[in-house]
Amino acid sequence: MFAFSASTEQNALRAAVRDFTTREIEPIALAQDRAGTAPLDLLEKFASLGVAARWLATAESSEEGFVAETCIAAEELAYGCAATASLIMLPALFNRLAL
């Protein structure tokens, strides 16, 4: 086991994604699951938060921060709906791997 303490920036990320999840995902999650549809409009709304930009690979990016921040965001999104969390997180992760 390792010790982990979230930084101030990581706590701010958690709060922003939690707020997004509460406001945008939770109210529609059950209806989306029952209908078997994907709320594609949430991709653009999530992108407008600006938090996903930190996952894009750059020369200055660190894997350590990438992994921790990705886990924090994925956890908060999945709290509202695991399927929607996958819809939002997978493009960012594949983008990171491809670059």
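Below you will find a few notes about this structure. (Residues numbered from 1 in each chain as written. Predicted model: local features only at pLDDT ≥ 70, side-chain atom pairs only at ≥ 80, totals over all residues. Heavy atoms only, no water.)

### Points about the nonpolar core
In summary, soluble globular proteins display a tendency toward joint burial of nonpolar side chains. If you look at the biggest cluster of nonpolar residues, it comprises 16 residues, and the most contacted ones within it are Val17, Phe20, Ile25, Phe46, Leu77 and Ile88. For this core, the secondary structure elements donating two or more residues are helix H1 (8–25), helix H3 (41–49), helix H4 (63–80) and helix H5 (82–98). Take this core: its biggest share by element is 4 residues, from H1. (Core = buried A, V, L, I, M, F, W, Y, C linked by side-chain atoms within 4.5 Å. Buried < 20%, exposed > 50% of the residue type's maximum accessible area, 1.4 Å probe, protein only. Helix = DSSP H or I, 4+ residues; strand = E, 2+ residues; numbered from the N terminus.)

### Describing the packing of aromatic side chains
The description of an aromatic ring pair uses the distance of the two centres, along with the angle that the planes make with each other. Applying the stated rule across the entire model yields 1 aromatic pair. Centre to centre, the rings of Phe20 and Phe46 are 5.4 Å apart; their planes meet at 65°, and the pair counts as edge-to-face. Of the two residues, Phe20 is situated in helix H1 and Phe46 in helix H3; the sequence distance between them amounts to 26 residues. Since its relative accessible area comes to 1%, Phe20 is described here as buried. (Phe/Tyr/Trp six-rings, centres within 6.5 Å; stacked < 30°, edge-to-face > 60°.)

### What about the packing of H1 against H3?
Helix-helix packing is characterised by the crossing angle of the two axes and by the distance between the axes. Where H1 meets H3, the closest approach of the two axes is 11 Å, and the angle between their N-to-C directions is 150°. The orientation of H1 relative to H3 falls into the category roughly antiparallel. Like other packed secondary-structure pairs, H1 and H3 cross with a definite hand, here right-handed. When H1 is examined against H3, the residues Ala16, Val17, Phe20, Glu24 and Ile25 are found in contact with a partner set consisting of Leu42, Lys45, Phe46 and Leu49. Here the residues of the contact of H1 with H3 are counted per class, giving 7 nonpolar, no polar and 2 charged. (Axes fitted to C-alpha atoms, helices over the stretch in contact; angles between N-to-C directions. Parallel < 35°, antiparallel > 145°, perpendicular 65-115°, else oblique. Left-handed = near helix turned anticlockwise from the far one by under 90°. Contact = heavy atoms within 4.5 Å. Nonpolar A, V, L, I, M, F, W, Y, C, P; charged D, E, K, R; others polar.)

### Some details on the pattern of salt bridges
A side chain of one charge can pair with a side chain of the opposite charge if their charged atoms are brought near each other. In this structure the tally under the stated criterion is 7 salt bridges. Each of the salt bridges in this network shares a partner with another, and the network as a whole consists of Asp19, Arg23, Glu24, Asp41 and Lys45. (Salt bridge = Lys/Arg side-chain N within 4 Å of Asp/Glu carboxyl O.)

### Digging into the side chain of Glu76
The residue Glu76 is located in helix H4 in this model. Glu76 sits in the buried class, given a relative accessible area of 6%. With residues up to four places along the chain from it excluded, the contact list for Glu76 reads Arg14, Val17, Arg18 and Thr21.

### Some words on the environment of Arg23
Looking at the secondary structure, you find Arg23 in helix H1. Counting along the chain gives 57 residues from Arg23 to Gly80, while the straight-line C-alpha distance between them is 9.8 Å.

### Overview of the environment of Leu87
Relative to the assigned elements, Leu87 resides in helix H5. Taking the relative accessible area as the measure of exposure, Leu87 reaches 22% and is therefore partly exposed. For the pair Leu87 and Leu40, spaced 47 residues apart in the sequence, the C-alpha separation amounts to 8.0 Å. Excluding residues within four positions of it along the chain, Leu87 makes contact with Ala38, Pro39, Leu40 and Leu43.

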